[in-house]
Amino acid sequence: MNAKLTRTYPRIGLVLGSGGARGLAHIVVLETLDRLGIRPVQIAGTSIGAILGAAYASGVSGAELRAHVIKDFRNRTDVMTRLFQARVGRLADIWKGGLGNPVLVDGETILERFMPRPLPERFEDLSIPMAIIAADFHRLDRVVFSSGPLVPAVAASMAIPGLVKPVVFGDRVMVDGGTVDPLPVKAINAEVDLILAIDVSRAAAREEGAKIPGAVETGFRVYDLMQAALADAQASDNARPIRRLKAPVEGFNALDFFAAKKILAASEGLAGAVESALTLPF
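Given the structure is predicted, the values throughout are model-derived calculations rather than measurements.

A word on the overall build of the protein chain. For the protein chain, the helix and strand inventory stands at 9 helices and 8 strands. Looking at the protein chain residue by residue over its 282 residues, the buried ones come to 50%. Taking the contacts inside the protein chain whose residues are at least 6 apart along the sequence as the reference set, 75% of them involve residues at least 24 apart. Carbon and sulfur atoms make up 57% of the accessible area of the protein chain, which amounts to about 13,800 Å² in all.

For the rest of this paragraph, the subject is the pattern of salt bridges. All told, the structure shown has 15 salt bridges when counted by the stated rule. Its salt-bridge partner being R66, residue E31 comes within 2.7 Å of it at the nearest N-O pair. Note that E31 is positioned in helix α1 (residues 26-36) and R66 in helix α3 (residues 62-72), a separation of 35 residues in sequence. Residue D78 pairs with R82 through a salt bridge whose shortest N-O separation is 2.7 Å. With D78 and R82 both in helix α4 (residues 76-85), this residue pair falls 4 residues apart, about one helical turn. D78 gets classed as partly exposed once you look at its relative accessible area, which sits at 34%.

Its place among the elements puts S157 in helix α6 (residues 151-157). Separated by 2.7 Å, the side chain of S157 and the backbone nitrogen of S47 make a polar contact. Excluding residues within four positions of it along the chain, S157 makes contact with G45, T46, S47, A50, I132, I133, A134, D176 and G177.

A few words on unusual backbone geometry. In the Ramachandran plot, S47 falls in the positive-phi region, its phi being about 55 degrees despite a non-glycine side chain. Along the polypeptide, S47 turns up in the loop between β2 (42-46) and α2 (48-57). For S47, a relative accessible area of 7% puts it in the buried group. For L140, which is not a glycine, the phi torsion comes out positive at approximately 55 degrees. Mapped onto the elements, L140 comes out in the loop between β3 (130-136) and β4 (141-145).

A word on α2. Counting buried residues in α2 gives 10 out of 10 residues, a clear majority hidden from the surface. All of the buried residues along α2 are I48, G49, A50, I51, L52, G53, A54, A55, Y56 and A57.

Counted according to the given criterion, the structure contains 4 aromatic pairs. Between F73 and F114, the aromatic rings sit 6.1 Å apart at their centres with planes inclined by 15 degrees, giving stacked as the arrangement. Separated by 41 residues along the polypeptide, F73 in the loop between α3 and α4 and F114 in helix α5 (residues 107-114) bring together distant segments of the chain. Using a relative accessible area of 12% as the deciding quantity, one classes F114 as buried. Feature note: the residues F73, F114, F257 and F258 constitute an aromatic cluster, connected by ring pairs. Over the face of the ring belonging to F258 we find R76, whose NZ or CZ atom lies 4.0 Å from the ring centre. Stacked on the ring of F114, the Lys or Arg R82 has its end atom at 4.3 Å from the ring centre.

Scoring rules and cut-offs
Sequence order as written defines residue numbering, which begins from 1 separately in each chain. Predicted model: local features are reported for residues with pLDDT of at least 70 only, side-chain atom pairs are reported and counted for 80 or more only, and whole-chain, interface and lining totals are derived from all residues. The basis for every side-chain value is the complete set of heavy atoms in the structure, and neither hydrogens nor water enter the calculation. Each helix is a run of H or I in the DSSP string that is no shorter than four residues. Each strand is a run of E no shorter than two, and both are numbered from the N terminus. For the exposure calls, accessible area comes from a 1.4 Å probe over protein chains only, and a residue counts as buried if that area is under 20% of its type's maximum, exposed if over 50%, partly exposed in between. Note on definitions: a residue-residue contact is assigned when non-hydrogen atoms from the two residues lie within 4.5 Å. Computed by Shrake-Rupley with a 1.4 Å probe, the accessible areas treat only the displayed protein chains as cover when residues are assessed. By convention in these notes, a salt bridge is any Lys or Arg side-chain nitrogen within 4 Å of a carboxyl oxygen on Asp or Glu. Two N or O atoms count as a polar contact when they lie within 3.5 Å, although within protein this holds only if one can serve as hydrogen donor and the other as acceptor, and sequence-adjacent residues are included solely when both atoms are side-chain atoms. Under the pairing criterion, centres of Phe, Tyr and Trp rings, with the six-membered ring standing for Trp, must be within 6.5 Å; the plane angle then separates stacked pairs below 30 degrees from edge-to-face pairs above 60, leaving the rest tilted. By definition, being over a ring means that NZ of Lys or CZ of Arg is both within 6 Å of the ring centre and within 35 degrees of the ring normal.

So yeah, pure geometry; function would need other evidence.
Laid out in structure tokens, this is it:
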């Protein structure tokens, strides 16, 4: 009788990149790791990658994340109500500047209202070690959080300028990590055989001729362009074995969270890509 062969997978460091709603593709990757029985040695995440990575590292499965996201974003009115309740300013404050911006929301409140379950208080309470990337606004510096309070670090990593309130740590003001490190492969410092990096930074090219975009569209389009360029540079500047997978979600915008089902459907091919990446020689 032949003994059943068990496939051995490498020890992996999992990198979940930034890209707004396109980052829902990370859920397919997490589901695949669950199915294969692979537990990352360490996770590094930026922005949406920090949010989903922290949930996963705290014990929420990929399947639970999928169910939660689909349920959460099927009711537009409910989502908008929760966002409205998370505002840090009033409409009358629009002329005052600073944190009175009426569309600015509090990141920690967003996490409280939208996560499938409360995050642990500290990094040390996670079941998988994690590194989270944010940017120091005044010092123009990349910051890596891997210990201490968890929720403020996640809130800082997702603090998109103009949309989410910056997070203050002591005398430091933190904003979205995607501005400095959208695919944080260098944040993996554990002993791993392979780094699996999921890139969701790139939006699709368009044929718009000489059409002049509006201010909001311009801001997000330039942000996407910047993140894609940074991801290219950072993924190539790494001496360790790395498998970089680009999620096929270029046709979606950073704020397309109401297209969650479509984004997940478009990302299903990542399952096979992940399995192949982990079985190739490295």
